[in-house]
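# Geometric and topological summary
Chain residues, written in single-letter form:
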Amino acid sequence: AAKLASEKAGQGLAAVLPEEMRAVAVRVDDVVGVAGFIHPGDAVDVIVTMKASESSNVPPTAKVILQNVRVLAVGKELDHRSKKQKAVPVTVATLMVSSPDSEKLALASTKGKILLALRNRVDATEVETPGIIPAVLLEAGASAPAEEKPQEVGKPQPAEHQVEILRGDRFETRQFSSPEPKP
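A few points on the structure. In this text, all values refer to a predicted model and were calculated from it rather than measured experimentally.

### Quick look at the nonpolar core
The biggest cluster of nonpolar side chains holds 19 residues, and the ones touching the most others in it are Val-26, Val-44, Val-46, Leu-95, Leu-105 and Leu-116. Elements supplying a minimum of two residues to this core: β1 (21-27), β2 (43-50), β3 (61-74), β4 (92-98), α2 (99-111) and β5 (113-118). Of all the elements, β3 adds the most residues to this core, at four residues. Each residue touching Val-26, except ones within four places of it in the same chain, is listed here: Thr-91, Val-92, Ala-93, Leu-95, Leu-105 and Ile-114.

Below, the structure written as structure tokens:
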């Protein structure tokens, strides 16, 4: 009896929700949904990118708004055991959140852009993040130590950047150098 839902619990997804939790569906694509590698039972962090006010000149901010959120369903798939090893392209992910978190998620998905960050199943650590704006992000990239190369005194060196790309089951790393600054 302990493993069965009560008659009052309802059917389907409603029956598996713990009390005081809500199932909220969010629109995803290949990027938002980690290229189809999110499955029911996984845990994700929700990152939102948005402006504090649409009319302000303040740049958009990226911020982790929810952490360690359980994925209840991906598309119409509720079972975590089927197709576990394959990437499955879907357009909706259903997340289990509290009522206050459902409000955060609703605002983030309608007024900003959300991104789901897949977590390791054993990592339940919550991290306080300050968020980031473009100027700080670019400043951090410019101040990162460059590879040890001899530099000409007084001549600015081009910044080097690395991008990691995940396409389906292929992983690539590409190096880029920004053009040399003009004196």
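Let's pick the thread back up.
### Examining the pattern of salt bridges
Throughout the structure, instances matching the rule amount to four salt bridges. Two residues, Asp-42 and Arg-121, come together in a salt bridge whose shortest N-O distance is 3.1 Å. Highlighted residues: Asp-42 in the loop between β1 and β2 and Arg-121 in the loop between β5 and α3 (134-143), separated in sequence by 79 residues. In this structure, a network of salt bridges that share partners links the residues Asp-45, Arg-119 and Asp-123.

### Brief notes about the pairing of β2
Relative to β3, β2 runs antiparallel, the two being bridged by seven bridges. Looking across to β3, one finds that Val-48 is bridged to Lys-63. Where β2 meets β5, six bridges bridge the pair, whose relative direction is antiparallel. Opposite Val-46, over in β5, you have Leu-116 as the bridge partner.

### Some remarks on the sheet that holds β3
Reading across from one edge, β1-β4-β3-β2-β5 is the order of the five strands in this open sheet, with antiparallel pairing throughout. Both outer strands of the open sheet, β1 and β5, are each paired with one neighbouring strand and no more. Taken pair by pair, the neighbouring strands of this sheet meet at an average axis angle of 45°, ignoring direction. Across seven bridges, β1 lies against β4 in antiparallel orientation. Looking across to β4, one finds that Val-24 is bridged to Leu-95. Sheet contacts for α2: β1, β2, β3, β4 and β5; angle to β4, the most-contacted strand, approximately 145°.

Cut-offs applied
- Residues numbered from 1 in each chain as written.
- Predicted model: local features only at pLDDT ≥ 70, side-chain atom pairs only at ≥ 80, totals over all residues.
- Heavy atoms only, no water.
- Core = buried A, V, L, I, M, F, W, Y, C linked by side-chain atoms within 4.5 Å.
- Buried < 20%, exposed > 50% of the residue type's maximum accessible area, 1.4 Å probe, protein only.
- Helix = DSSP H or I, 4+ residues; strand = E, 2+ residues; numbered from the N terminus.
- Contact = heavy atoms within 4.5 Å.
- Salt bridge = Lys/Arg side-chain N within 4 Å of Asp/Glu carboxyl O.
- Pairing = 2+ DSSP bridges.
- Axes fitted to C-alpha atoms, helices over the stretch in contact; angles between N-to-C directions.

None of this, on its own, says anything about what the molecule does.
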